[in-house]
Amino acid sequence: MPARSNASASDPSTSGERLYNFCAGPASLPVEVLEEVKEELPVYRDIGASMLEISHRSKPYDRVEESARGRIKHLLGLTDEWNVLFLQGGASMQFHQVPLNFLPSEGTAAYVDTGRWSTKAIKEAKLLGAVQVAASSKSSNFDRIPASDEWELNANASYVHITTNNTIYGTQFSTEPEVSAPLVADASSDFLSRPIDTEKYGLIYAGAQKNVGPAGVTIVLVRDDFLERRNRPLPTMLDYGTHARRRFNTPPVFAIYLVEKVMRWLEAQGGVEAIAERNDRKAALLYDRIDSSDFYQGHARPADRSKMNVTFRLPSEKQEELFCAEAEQAGLLSLAGHRSVGGVRASIYNACPMAAVEALVEFMEMFEQRHG
Ligand SMILES: *Cc1c(COP(=O)(O)O)cnc(C)c1O
């Protein structure tokens with residue numbers, strides 16, 4: 001199903017055509033995946049019902065969930081010490097669940113504050129124990145990742161929490177920081193977009209709806225030795241151990257079923273290294289366009305720019321509004337920046353094709369010619 005390849009005068013909103021979609025989340029999914037789901041509704045293969053209507057303990061569903069789990073492990077090169085959990089409550093629930101399980105009542109955890117999501121994670125952790133904010137880029141509206149030599153880290157921290165990609169501001173850790181405690185990462189908006197050094201982490205969580213599936217499931221990777229550090233009586237549902245041991249209750253089956261398909265799609269793209277290389281090229285094209293004129297100004301400091309969310313400003317808010325409205329007319333959806341940064345945000349996750357970025361760059365050129 002082709003998306004529109006360039007701007008046209010017809011009104012895309014009424015054409016029923018699939019357009020280029022830069023939404024930050026829930027975000028665009030590979031069209032092949034959506035087509036496949038469509039084919040498997042209302043009957044999945046020869047089971048006489050759809051995947052949404054069978055027991056979560058049945059063989060067909062079991063195969064889907066195990067396949068999703070296995071593919072995630074394989075794509076990231078995770079060893080058998082890693083557990084892959086499919087939880088609910090969004091990444092936001094993890095802000096509470098992580099410290100509930102791993103912040104000891106007598107201990108401390110370190111957090112790096114790189115934006116709104118980190119700030120929310122810090123707020124929840126503080127309800128449960130001592131939190132040290134090791135570094136923050138708040139004073140410059142989170143336009144950077146604080147350099148690790150600026151971090152003040154308590155040697156006794158049980159873990160160091162980072163947000164690997166800051167969806168709102170368009171910043172991203174270029175690599176894992178060197179710390180002695182295990183990293184706990186909110187990787188919601190760059191999960192499976194590039195290879196990671198899994199040895200450095202104790203736990204990684206990601207809401208699926210940015211890069212790997214629909215809303216409704218949060219993927220949590222947790223290593224056995226880190227899991228053993230749980231330190232207080234826990235409500236059954238909020239204990240990671242419950243979900244590592246068995247399928248405790250009904251999981252979000254439809255979301256997991258889609259994640260499994262997105263994992264297959266990612267493998268067909270060549271895996272994480274291949275998609276990372278493609279993500280690099282997409283981001284470079286857009287940042288080159290921003291840097292080649294004074295009309296567009298990037299929000300993030302160049303060294304910390306995100307490959308997933310590209311944020312930039314125009315000379316005035318009025319022009320920014322016009323930019324987004326005209327882009328929508330041209331079939332380029334959801335480019336308005338988050339209210340705390342303003343301007344424009346193009347989210348170019350794994351499923352965003354190069355052609356979408358090319359169309360956006362072309363639109364930026366035309367817009368600048370007319371309004372610059
Ligand atoms: C979107 C997002 C969240 C919030 O996810 P929910 O699933 O809506 O709770 C948290 N962290 C990051 C980095 C995000 O991009």
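Each remark here, short or long, concerns the structure printed above.
Residues numbered from 1 in each chain as written. Predicted model: local features only at pLDDT ≥ 70, side-chain atom pairs only at ≥ 80, totals over all residues. Heavy atoms only, no water.

## Looking at the site of the ligand
Note the following rule: Near, as used in this document, describes a residue that has one of its heavy atoms within 4 Å of the molecule or strand being considered. Any N or O atom pair separated by 3.5 Å or less is treated as a polar contact, with the protein-specific requirement of one donor-capable and one acceptor-capable atom, and with residues adjacent in sequence counted only for side-chain atom pairs. The method behind every accessible area is Shrake-Rupley, applied with a 1.4 Å probe, and residues are considered shielded solely by the protein chains displayed. Numbering goes from the N terminus for both helices and strands, where a helix is a DSSP run of H or I of at least four residues and a strand is a run of E of at least two. Note that Gly is not counted as nonpolar here; it falls among the polar residues with everything else outside the nonpolar set of Ala, Val, Leu, Ile, Met, Phe, Trp, Tyr, Cys and Pro and the charged set of Asp, Glu, Lys and Arg.
With respect to spatial proximity, 13 residues lie near the ligand, and among them Ser92, Thr167, Asp186, Gln209 and Lys210 are the closest. For the ligand, an oxygen atom lies 2.5 Å from a polar atom in the side chain of Thr167. The separation between an oxygen atom of the ligand and a polar side-chain atom of Gln209 is 2.9 Å. In the complex, the protein chains occlude 86% of the 390 Å² of accessible area that the ligand would expose alone. By residue number, the principal contributor to the shell around the ligand is helix α3 (residues 90-102), which donates four residues. Residue classes in the shell around the ligand are distributed as three nonpolar, eight polar and two charged.

## Observations concerning a negative patch on the surface
Using the following cut-off: Here, patches come from residues exposed beyond 30% relative accessible area and free of salt bridges, joined within 9 Å for like charges and within 5 Å for nonpolar side chains (Val, Leu, Ile, Met, Phe, Trp, Tyr). For this analysis, a salt bridge means a side-chain nitrogen from Lys or Arg found within 4 Å of a carboxyl oxygen belonging to Asp or Glu. We score Asp and Glu as negative and Lys and Arg as positive, and we do not count His or the chain ends. One atom stands in for each charge, and that atom is NZ of Lys, CZ of Arg, CG of Asp or CD of Glu.
Where like charges cluster on the molecular surface, the negative patch consists of Asp80, Glu81, Glu199, Asp224 and Glu228. Within the secondary structure layout, Asp80 lies in the loop between α2 (59-76) and β2 (82-87).

## Let's talk about the pattern of salt bridges
Worth spelling out the cut-off: For every residue, the accessible area (1.4 Å probe, protein chains only) is compared with the maximum for its type, and the residue is labelled buried under 20%, exposed over 50%, or partly exposed between those bounds.
For the structure on display, the rule yields 24 salt bridges. For Arg247, the salt bridge is made with Asp62, and the minimal N-O distance between the two is 2.8 Å. Of the two residues, Arg247 is situated in the loop between α6 (240-245) and α7 (253-268) and Asp62 in helix α2; the sequence distance between them amounts to 185 residues. Between Asp291 and Arg305 there is a salt bridge; the shortest N-O distance is 2.9 Å. Taken as a pair, Asp291 in helix α8 (residues 271-291) and Arg305 in the loop between β11 (297-298) and β12 (309-313) lie far apart in primary sequence, 14 residues in all. Under the relative-accessibility criterion, Asp291 is labelled partly exposed at 49%. Here Arg305 falls in the buried class, since its relative accessible area comes to 15%. Here the salt bridges do not stand alone but share partners, grouping Asp62, Glu65, Glu66, Arg69 and Arg247 into one network.

## Comments concerning the environment of Ala276
Our working definition: Only heavy atoms matter for contacts: two residues are in contact if any of them lie within 4.5 Å across the pair.
Turning to its location among the elements, Ala276 is positioned in helix α8. Of the residues examined, Ala276 reaches a relative accessible area of 11% and is grouped as buried. Every residue in contact with Ala276, bar those within four places of it in the chain, is listed here: Ser193, Arg194 and Pro195.

## Brief notes about the pairing of β12
As a reminder of what qualifies: Only strands that DSSP links by at least two bridges are regarded as paired with each other.
With four of five residues buried, β12 is to be regarded as a mostly interior element. Examined bridge by bridge, β11 and β12 share two bridges and lie antiparallel to one another. By the bridge assignment for β12, Gln297 is matched with Arg313. Summarising the sheet, β12 and strand β14 (residues 344-347) pair through four bridges and their orientation is antiparallel. By the bridge assignment for β14, Asn309 is matched with Ser347.

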